Amino acid sequence: MTYHFSLSLSLYLLLFTYFPSNSQSNQFCKTDIGIGEVGCGILSPPSSTTKLLIKGGTVVNAHHQEFADVYVEDGIIVAVEPNLRELCYVRFFAELAESNAKWNKVGDDVKVIDATGKYVMPGGIDPHTHLAMEALNTESVDDFFSGQAAALAGGTTMHIDFVIPVNGSLTAGLEVYEEKAKKSCMDYGFHMVITKFDDIVSRDMEIMVKEKGINSFKFFLAYKGVLMVNDELLLEGLKRCKSLGALAMVHAENGDAVFEGQKRMIQLGITGPEGHALSRPPLLEGEATARAIRLAGFVNTPLYVVHVMSIDAMEEIARARKSGLLYLISSFLFYYWLSSTIYEFGNKDDVPFKAFIVTTRLLYVLLAVVPGSVANYFPKCVALLSSLLPSLAFIKTSRNLSYGTLNRVVKCTSTTRFYSRHIGQRVVGEPVVSGLVLDDSRLWDSDFTTASKYVMSPPIRASGHGKALQGALSNGVLQLVGTDHCVFNSTQKAFGIDDFRKIPNGVNGIEERMHLVWDTMVESGQISITDYVRVTSTEWIFNMYPRKGAIIPGSDADIIILNPHSTFEINARSHHSRTDTNVYEGRRGKGKVEVTIAGGRVVWENNELKVVPGSGKYIKMAPFSYLFSGLDRADASYLSSLNAPVNRFKSTT
Amino acid sequence: MACRFYLFFSLSLLLFAPSNSQSNQFCEAGIGYGEVGCGISSSTKLLIKGGTVVNAHHQEVADVYVEDGIIVAVKPNLKVSDGVKVIDATGKFVMPGGIDPHTHLAMEFMGTETIDDFFSGQAAALAGGTTMHIDFVIPVNGSLIAGLETYEEKAKKSCMDYGFHMAITKFDDIVSRDMEIIVKEKGINSFKFFLAYKGSLMVNDELLLEGLKRCKSLGALAMVHAENGDAVFEGQKRMIELGITGPEGHALSRPPVLEGEATARAIRLAGFVNTPLYVVHVMSIDAMEEIAKARKSGSNPSAISHFLKASQNLSLGTLNRVVKCISIARFSLRHIGQRVVGEPVVSGLVLDDSGLWDSDFATASKYVMSPPIRASGHDKALQGALSNGVLQLVGTDHCVFNSTQKAFGIDDFRKIPNGVNGIEERMHLVWNTMVESGQISITDYVRVTSTEWYALTVTLRYARIFNIYPRKGAIIAGSDADIIILNPNSSFEINARSHHSRTDTNVYEGRRGKGKVEVTIAGGHVVWENNELKVVPGSGKYIEMPPFNYLFSGIDKADASYLSSLNAPVKRSKSTT
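Everything numeric here is computed off the predicted structure, so don't read it as measured data.

Draft legend 1. Highlighting the packing of helix α8 (residues 256–273) of chain B against helix α9 (residues 285–296) of chain B. Residues and elements named next belong to chain B. Direction vectors running N to C along α8 and α9 enclose 25°, while the axes themselves pass 7 Å from each other. Classed by the angle they form, the pair α8 and α9 counts as roughly parallel. Along this stretch, α8 crosses α9, giving a crossing that reads as right-handed. Contact residues: α8 offers Pro256, Val257, Glu259, Gly260, Thr263, Ala264, Ile267 and Arg268, while α9 offers Asp286, Ala287, Glu290, Ile291, Lys293 and Ala294.

Quick look at the structure:
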C-alpha cells in the first residue's frame, strides 16, 4: 500500500481553505498505516534512491567548513571530499574490468544534487519539543507525524521530546510515548520528566538509562500542583542523575511564587494573556535558575537549563560557568606582573635574580596547576598542561615587547579566557527561538487570539532580553537553541479567554528554528556559520556525536542544503504545523533550507515535502556524555579537601 | 528585697564560676522586680565630663547630663549642683550603649535550653557595653501568642532593656491574625523565617511568600535565616555516610553555596512581594554578594559611569577625592536598589573555621553554629562589606551551651547544640577589628553597633506625629540614658574564666585588643564601672517597637508605579472565534 504525498504550492491553497478546521488528519498519510519501510510519499518513480551525491557546496561542520562533495549511501554518509565525482570515476575505472554492471548501477542510481554556492550542513536537532503532549486537559495539536513533517520542511531532522510519566510512573509514560512515536517520519529521541521520587522511580531511572536509551531527566520547578518538584526531590533526582551519568534538566521558575503572582493578577482583574507574563516576571526565572545551579553544584553534577528566556537566568548561567575563573586570572596576572616588574627593575645579569625569576614562574605554574580543586575541574588536564607551555612562551616574548602594558594585559586575559571554557560549573543553557527573536509586546494585543498565541512558560520577555540572549548565544554563555515547540490551535487557546491560567502554554518553532537562527544570528554577523551548526545541531551534550550533527563519513545522512541568497517567509497559511496560528507570522529573512535529507532520503525539495509515517527511528542516547568526564576527579579532590574526619579522643568532660 | 551583687575580678569568685553553681552567681531570677530595687546607687543624676560624645552622624567634645534615666543635656562645660555623680571621661569616647539585634537567651533548642537566660545574658551584655538586645520569640506549637507569653515570663528577670522579634514556623488564619495582634498591640515589628532546620523550624517558599505579604501589610520587617534546609539535610547525610561525624562535619555539611542560594532566593521573593528584607547572620561571601547585588539593583548606570568618569579624570591627589566620590555614591546607593539589610555577626567577622578541626572535641564543638563560621577569607570580606555599607549592623546570635550540652553531639555533629557566645564581646571586638584597624570611623562604629537597629524601629510617621527624639542609639537630649564610656587606650582580654556569661567556654578565648568599655550606664544607672557589675533582675524594660520603619517609606509609591507599569488589564472584545 503506497501513499503519494506531495505538497506542492498549488495544492496548498486548495488545502488551506478548509485546513484550520477539523480535517487536519487528512493532510498527511493516516498515521497508523504506512509504517512499511519505504512506504508512502517517496518520490513518484519509486526510485528507492539511497545513493546521493551532493555536489559543489560548502560543507559546514561545527569545527570546520570546506568545499566538498558529500556522498551518501543507504542512509549513511560515505565520503566527504572535494570532487567526489571524479573520485568515483577513478574508483569505477579501476573496477571496470571486474564488473561492467557496476558502472551502470553506480551511475544510474546516484541522485546528484547541485549545491554550488550553498551550504551543506548537518540537519538541525531540536533538543526541546512537546509533540502530542497532554496539558491542561487538552493535547498539543502537532503529533509525532505532523510536528516532524513541519520540522523536516524547516531543516530539522531530529528532535528530542519529553516523556511525561503517567501517575509518576516512568515506564508507563514511556510506553505511551512509544505508541505516540510510531508515526514518526524522522529520527527522534526522548528526555524523561521526573515528577515524584521514590524507590520505584529510582529503579526505573536506571532502566531508562541502561535499557531504553534515555540520558536526560527533566525537573519542573514550576507548575505547582502538577509537575513541580521541591528542593528535596530535586536533590534526590540530581544525585540519581549523577550516579547514572544522565543529564539533569530544569524548567527554572519558582512555582510557589508564580502561583502567588497568578493570584495577584486575578485579584487585580488582569485576566487576559498579558497577565500570564506579569504573573511570572524574570526575577522568578532568575531565582530558580540560581537555585538549580547551586544545588547541582552542591551535588557536583552537570545541569542543563531549558528555555532560558531572561537576562536574569542567563546571567546566573554565565556566573556559574565562569566560577573559578577569577582565581586563575588573578594568579596569572599577579605572577606575571611580579616577575616582569622585578625583571625590569632588577639587575638582569645577577644570578640570584635570575633564580628568583625562575622561582616565581615556577610558583605561577604550581599555583595554576597544583590546587586540586582547580586542576580537577578541567575535563582535559592534559590540555591544560600543554596549553601552559605556550602561555609561558608568551610571557617570554611579550617581555621583549616594550612597555605597551595594556596590550599585554589584554593578551594575558585572552589567554586565560581560553581556560574559562574548561573550568567553572558544568551548566548548559538552552535559549529557544521565541526567546531569541520575539518580545512580549504582542501579549498586550487587543485581539485575544493574537495575544494568546504568545503564551508560553517562562513567558516571552520584554524587548531587550532577546538581544541579550542572542549575545549570550554568540559568546558561548548559552550553547544550543531549542524551540519548546508545543502548539495549540486558537480554539484550544480560547479555553483561557476569561482566565489566562487556562490558556494552554506553548508556541510553535520546530519548523522556523533553523531559518530564524540563521537570519538572526548568522546574517547579522553575530555568529559564524560553523557556530550556526554548533548551536543548531551538534550533539555532544546528548552524546550522539558524531552519528548525528556532523557531516563526516560514518554519520547518519541527515543533511540540509541552505541557500544563503534565497529568502524565507513565515505564515500560518503556508507552514506545515497543524496549528492555525504562527507566532512568527509575516517574518521574512535571508537564507532558506532548500533541501532536507533525512536518513539518506530527500524529504524536502522544491518546497515539496515527502514524508513517510513510521520511517523515523528512535535514537538511543548513551549516558556519561563529555560533561561527565573528570567529575570523578573533582569528587575525589573535593573529598580530599575536607580534611575530615578528624581523629579525636572520645574522652571529653 | 534588695539584692546587691558585685562582680569583682577576684579569683575567688571566678574559680567556681564555670562550674555548677551558676545560678548563685546572680540574684535569683524570680525576685527583685521592684522599680528601683536592688543594687542601684540611687544616684539618678549623672554628669559625664570631658569626653568625646559620638553619635552616628557626628562627634564632639561635650559633657552629658543625665537625670532620671533620660539624657537632659549634651553641651560643653556643663555646670551642675552637688549631689550629682560626676564621671570623668576625659580622653575617652562617650557613646550610645550597644544594641544587639540578634540574641537567643533561654531558648529551647535541639532538646536542651541555652544556658544564658535573660538575666545572665544581659548581665554579660552590660559588662561588654551593650545596653539593649532583641531576642527571638519562638512560637509554641506554631502559636505566636503562647510563644510570647512564655518569653514574657522568661524576660521578667531582665536587668536591661530588651525587645522581641517573632519567629514564624507555620502560616494559617490564626497565625495571620496573631501577627496583627503582635504588631499592633505587643510592640513587635519583625518576623523571622527559617529557611533551614528542616523538620523543625524550616518554612517552604509558599509559607515564606505568605509571610512576606503579611509582613508588608503590617509594616513589619521580614527576617530570614538563609540556608537551604533541604540541601543541608542532604549534606548532613553525606557527611555521616563519609564517616565524618565530628564538628568539622557541621561546617562541611552546609557550605557557603547553600547560604548564598537561600539568600538569593529570599531576596528575590521579597523583591517580588516588594517588602523590605533583613538577612540575619550573613556568614559568607556568597550571601554577602547577593545582598550587595540586590542593594545595587536598579542603581542608575549613568550615575555610576559618571562616577567612574570623574574618578578617571582625577590626577595626583586622587585618594582624597575618590573617597569623597565614594561617599557620595554611597549616599545615592542608599536610596535606590532593593531594601535589603544584611547583618553580620561577630563570630563571622573575626573567626574562621579552623577551630572546628581541632582534635579536642570540647574545643571544636564550641564553634558549632549555623550558618557555620567560614574558612579564612570570608571574615575579611565581611569586614569590608561592613565598612562600605553593604552590610549595616552587627549582631551576635548569642546562643550559648556549655560543654556538657555541646557533648550531646560527641558521636554525631547533628546533635551538637548550635550556637556561640558574643553578647559581651561584640562591642570590644568590633572596635578592635573595625575601628582600631582603620576600617570604619568612630561614628560608623556607633551606627553599626547601635543606631542602625534603632533606626529600623523608628517610624518616620511616628517620629513626625509625636515629634519624639530617638530613644535609643543616640546621645542627645531626650534619649534614654544608655551610655558607654570607651577608653581607646585601655585594652581588653577575653577568656572563659573572666567573662560573665554562664557558659564554660568562649569562642574568643585569649583574644586581646585595644579599646575597653570602662563604664556602662543603662537607664541612667551605672551598671558597670571599675570592672564591677551592679545589676538588678527586673530592672530591664520591654521596649515596644512600632511598625513601618524607614524602610517602608515609599513602598506604596513603588507599588503604585509597579501597578501602572503593567499596562493591564487590556480591554478586549470577547468575540473570539
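Draft legend 2. Quick look at the side chain of Asn215(A). Residues and elements named next belong to chain A. On the secondary structure map, asparagine 215 appears in the loop between α6 (199–210) and β13 (216–220). A distance of 2.9 Å separates a polar side-chain atom of asparagine 215 from the backbone oxygen of alanine 622. Not counting the four nearest positions on each side in its chain, asparagine 215 is found in contact with Ala246, Leu247, Phe542, Asn543, Met621, Ala622 and Pro623.

Draft legend 3. Molecular detail of the sheet that holds strand β4 (residues 69–73) of chain A. All names here are of chain A. Taking strand neighbours across the sheet as the criterion, the 4 strands line up as β5-β4-β1-β6 in an open arrangement whose pairing is mixed. Strand pairing shows two members of the sheet lacking a second neighbour, β5 (76–81) and β6 (111–114), which therefore form its edges. On average, each strand axis in the sheet is tilted by 15° relative to the strand beside it, whichever way the strands run. Pairing geometry for strand β1 (residues 51–55) and β4, over 4 bridges, is antiparallel. Within the sheet, the bridge partner assigned to lysine 51 lies in β4 and is glutamate 73.

Draft legend 4. Empty space enclosed by the protein, seen in detail. Residue and element names in this part refer to chain B. Within this structure, the stated rule accounts for 10 cavities of 30 Å³ or more. Here the largest cavity is characterised by a volume of approximately 110 Å³. Lining the largest cavity we find 15 residues, and of these His104, Phe109, Tyr197, Ser370 and Asp397 sit closest to its centre. Taken together, the residues of the lining of the largest cavity sort by class into 7 nonpolar, 6 polar and 2 charged.

Draft legend 5. Seen up close, the nonpolar core. Residues Met121(A), Phe217(A), Phe219(A) and Phe542(A) are the most contacted members of the largest nonpolar core, which totals 138 residues. Among residues more than four places away in sequence, those in contact with Met121(A) are Val60(A), Trp518(A), Ile529(A), Tyr532(A), Val533(A), Ile551(A), Asp558(A), Ile559(A), Ile560(A) and Leu562(A). Listed in part, the 122 residues of the second largest apolar core include Ile168(B), Leu201(B), Ala266(B) and Val273(B).

Draft legend 6. The UniProt feature "domain: Amidohydrolase-related" (unreviewed entry) in chain A, seen in detail. Residue and element names in this part refer to chain A. In the numbering adopted here, UniProt assigns the feature "domain: Amidohydrolase-related" (unreviewed entry) to residues 119–260 and 466–603. End C-alpha atoms of residues 119–260 are separated by 49 Å, and the span's content is 37% helix alongside 28% strand. Taken end to end, residues 466–603 is 23% helix and 18% strand, and its first and last C-alpha atoms sit 32 Å apart.

Draft legend 7. Seen up close, helix α4 (residues 173–185) of chain B. All names here are of chain B. For α4, spanning 13 residues, the distance from its first C-alpha to its last is 18 Å, which sits close to the expected 18 Å at 1.5 Å a residue. Within α4, the full set of buried residues consists of Val175, Ser176, Asp178, Met179, Ile182 and Val183. Along the axis of α4, the buried residues cluster in a sector spanning 165°; they form a single face. Away from its buried face, by an angle of more than 90 degrees, α4 presents the exposed residues Asp173, Lys184 and Glu185. On its buried face, α4 sits against α3 (144–154), β12 (161–168), β13 (190–194) and α5 (205–218). Where α4 terminates, the next one or two residues include glycine 187, which has phi positive at roughly 75°.

Draft legend 8. Seen up close, the pattern of salt bridges. Residues and elements named next belong to chain A. What the rule picks out here adds up to 72 salt bridges over all chains. Here glutamate 253 and arginine 280 are joined by a salt bridge, their closest N and O atoms 2.7 Å apart. Within this pair, whereas glutamate 253 is found in the loop between β14 (247–251) and α8 (255–267), its partner arginine 280 is found in the loop between α9 (273–279) and α10 (282–299), the two being separated by 27 residues in sequence. Its relative accessible area of 2% is what places arginine 280 among the buried residues.

Draft legend 9. Focus on the pairing of strand β4 (residues 63–67) of chain B. Residues and elements named next belong to chain B. The element β4 is largely enclosed, with a buried count of 4 among its 5 residues. By the bridge criterion, 5 bridges tie β4 to strand β5 (residues 70–75) in an arrangement that is antiparallel. Across the sheet, residue valine 64 finds its bridge partner in β5, namely valine 74. Linkage of β4 to β5, two consecutive antiparallel strands, is achieved through a turn of 2 residues, within which aspartate 68 is found at a positive phi near 50°.

Draft legend 10. Spatial organisation of helix α2 (residues 118–127) of chain B. Residues and elements named next belong to chain B. Taken across its 10 residues, α2 has 10 buried, putting it largely inside the fold. Elements that come into contact with the buried residues of α2 comprise β11 (130–137), α3, β12, β18 (512–522), β19 (525–529) and β20 (532–533). Among the residues of α2, the N-terminal cap falls to aspartate 117, whose side-chain oxygen and the backbone nitrogen of phenylalanine 119 are separated by 2.9 Å. Positioned one or two residues after α2, glycine 129 has a phi angle of 90°, which is positive.

Parameters and conventions
Residues numbered from 1 in each chain as written. Chains lettered and ligands numbered in written order. Predicted model: local features only at pLDDT ≥ 70, side-chain atom pairs only at ≥ 80, totals over all residues. Heavy atoms only, no water. Axes fitted to C-alpha atoms, helices over the stretch in contact; angles between N-to-C directions. Helix = DSSP H or I, 4+ residues; strand = E, 2+ residues; numbered from the N terminus. Parallel < 35°, antiparallel > 145°, perpendicular 65-115°, else oblique. Left-handed = near helix turned anticlockwise from the far one by under 90°. Contact = heavy atoms within 4.5 Å. Polar contact = N/O pair within 3.5 Å; in protein donor to acceptor, adjacent residues only side chain to side chain. Pairing = 2+ DSSP bridges. 1 Å grid on protein atoms, 1.4 Å probe; cavity = no way out; pocket = protein on both sides within 12 Å on 5 of 7 lines; lining within 4 Å. Points joined across faces, edges and corners; volume = space filled by probe spheres on them. Nonpolar A, V, L, I, M, F, W, Y, C, P; charged D, E, K, R; others polar. Core = buried A, V, L, I, M, F, W, Y, C linked by side-chain atoms within 4.5 Å. Buried < 20%, exposed > 50% of the residue type's maximum accessible area, 1.4 Å probe, protein only. UniProt positions renumbered as here; feature names shortened; annotations may be inferred. Expected span 1.5 Å × (residues − 1). Arc of directions from axis to C-beta. Salt bridge = Lys/Arg side-chain N within 4 Å of Asp/Glu carboxyl O.

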